[in-house]
Amino acid sequence: MTEIYDFHCHSTASDGTFTPQDLVLRAHEKGVTTLSLTDHDTVSGLEKAKQQAHDLGMQFINGIELSANWQKHCLHIVGLGIDPTYEPLVKITDYLQTLRTERAEKMSAKLEKKQIFGAFDAVKLAAGEGMITRTHFADFLVSQHHVDTQQEAFDRYLAQGKPAFVATIWPELHEVINWITGAGGIAVIAHPLRYKLSANWMNRLLVDFKESGGQGLEVITSRINQDEIRLVANYAKKYDLVGSVGSDFHNDTNPYVELGRIAELPATVTPVWNLL
Ligand code: AMP
Ligand code: MN
Ligand code: MN
Ligand code: MN
């Protein structure tokens with residue numbers, strides 16, 4: 001049987017549209033054999049997802065995608081194989097939920113200055129018990145016809161430098177890595193090309209990441225081309241980092257982003273699953 005790994009996706013515990021159970025069901029239907037759920041700054045979907053995976057005879061890896069500050073950049077660090085009951089991790093996710101709620105209130109106030117009302121109540125309702133993210137704001141702006149698409153919502157309101165953007169002090173990269181490794185997990189830099197770092201800054205990041213105990217790079221993500229794969233694979237080799245693979249699936253609106261529908265990890269890169 002061919003193994004299909006997907007170590008990066010989202011459920012309703014953060015900004016995905018599928019419940020943890022339905023997400024695992026969909027992954028199973030798409031042929032995924034080992035799945036990790038990696039919601040933004042929360043582990044709250046893991047138990048239900050794990051149970052569903054167990055019922056379907058699928059392998060499941062506990063995961064998270066933590067927001068981290070490094071040199072004024074907001075990076076996303078995926079933690080794989082974490083113990084979700086590790087006390088410092090539980091504490092920080094509680095703190096991040098408060099931080100995200102406060103940020104949402106500030107974003108909503110900024111939207112009011114643009115004559116857009118009711119954002120906070122709407123995103124709070126949409127997120128439910130889960131983490132409030134900018135994706136919820138994007139959906140709100142689309143639903144109220146202020147924009148036509150999520151992308152336009154980011155471009156006009158939510159991206160850095162746009163009217164509703166609120167600078168947030170995320171935990172430092174080295175702290176984030178410590179929580180992940182302390183919880184028995186492997187820290188992986190998610191979608192490393194999305195930060196638009198120059199080669200010089202990328203090298204600096206990887207030196208710092210390694211020194212802090214980071215172990216992996218997400219070599220394969222959705223919509224990545226062969227040149228980009230080669231580039232990231234070379235960084236992985238240069239810094240002796242394992243390679244991870246993940247679709248970053250959130251919802252079923254984009255046919256190019258699907259659970260398990262990702263390129264193969266180059267044979268020259270050590271797969272992260274060797275460590276799990
Ligand atoms: P947050 O962590 O609350 O800042 O939200 C970040 C999330 O917003 C990311 O994980 C993506 O799912 C989504 N996102 C960020 N930029 C864009 C964009 N340009 N278009 C669509 N979604 C985006
Ligand atoms: Mn997201
Ligand atoms: Mn991300
Ligand atoms: Mn993600």
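Structure's up top.
Residues numbered from 1 in each chain as written. Chains lettered and ligands numbered in written order. Predicted model: local features only at pLDDT ≥ 70, side-chain atom pairs only at ≥ 80, totals over all residues. Heavy atoms only, no water.

Colleague: Honestly, the site of ligand 1 in this entry has me stumped. Any pointers?
Modeller: In the vicinity of ligand 1, the contacting residues are D15, H40, R100, R103, T133, R134, T135, Q151, F154 and H250. Here an oxygen atom of ligand 1 and a side-chain polar atom of R103 are 2.7 Å apart. Within the residue set of the shell around ligand 1, elements represented by two or more residues are helix 3 (87–112), helix 5 (134–143) and helix 6 (150–158). Considered class by class, the residues forming the shell around ligand 1 number 1 nonpolar, 5 polar and 4 charged. Looking at which domains feed residues into the shell around ligand 1, each of domain 1 (5–85 + 173–274) and domain 2 (92–158) gives three or more. (Near = heavy atom within 4 Å. Polar contact = N/O pair within 3.5 Å; in protein donor to acceptor, adjacent residues only side chain to side chain. Helix = DSSP H or I, 4+ residues; strand = E, 2+ residues; numbered from the N terminus. Nonpolar A, V, L, I, M, F, W, Y, C, P; charged D, E, K, R; others polar. Domains from an automatic or database assignment.)

Colleague: For this particular structure, what's the right way to read the layout of surface pockets?
Modeller: To find leftover empty space, one rolls a probe the size of a water molecule over the atoms. A volume near 260 Å³ is recorded for the second largest pocket. By residue class, the composition of the lining of the second largest pocket is 11 nonpolar, 1 polar and 2 charged. (1 Å grid on protein atoms, 1.4 Å probe; cavity = no way out; pocket = protein on both sides within 12 Å on 5 of 7 lines; lining within 4 Å. Points joined across faces, edges and corners; volume = space filled by probe spheres on them.)

Colleague: When you look at the coordination of the manganese ion (ligand 3) in this model, what are you seeing that I'm missing?
Modeller: Surrounding the manganese ion (ligand 3) are the protein donor atoms E65 (OE), H76 (ND1) and H191 (NE2), at 2.1 to 2.2 Å. Read from N- to C-terminus, the donor residues coordinating the manganese ion (ligand 3) fall into the pattern E-x10-H-x114-H. Here the manganese ion (ligand 3) and the manganese ion (ligand 2) are spaced 5.6 Å apart. Pair noted here: H76 is in strand 4 (residues 73–80) and H191 is in the loop between strand 5 (186–189) and helix 8 (199–211), with a separation of 115 residues, a long-range link. When sorted by exposure, H76 lands in the same class as H191, which is buried. (Donors = N, O, S within 2.8 Å, 3.2 Å for Na, K, Ca; no water. Buried < 20%, exposed > 50% of the residue type's maximum accessible area, 1.4 Å probe, protein only.)

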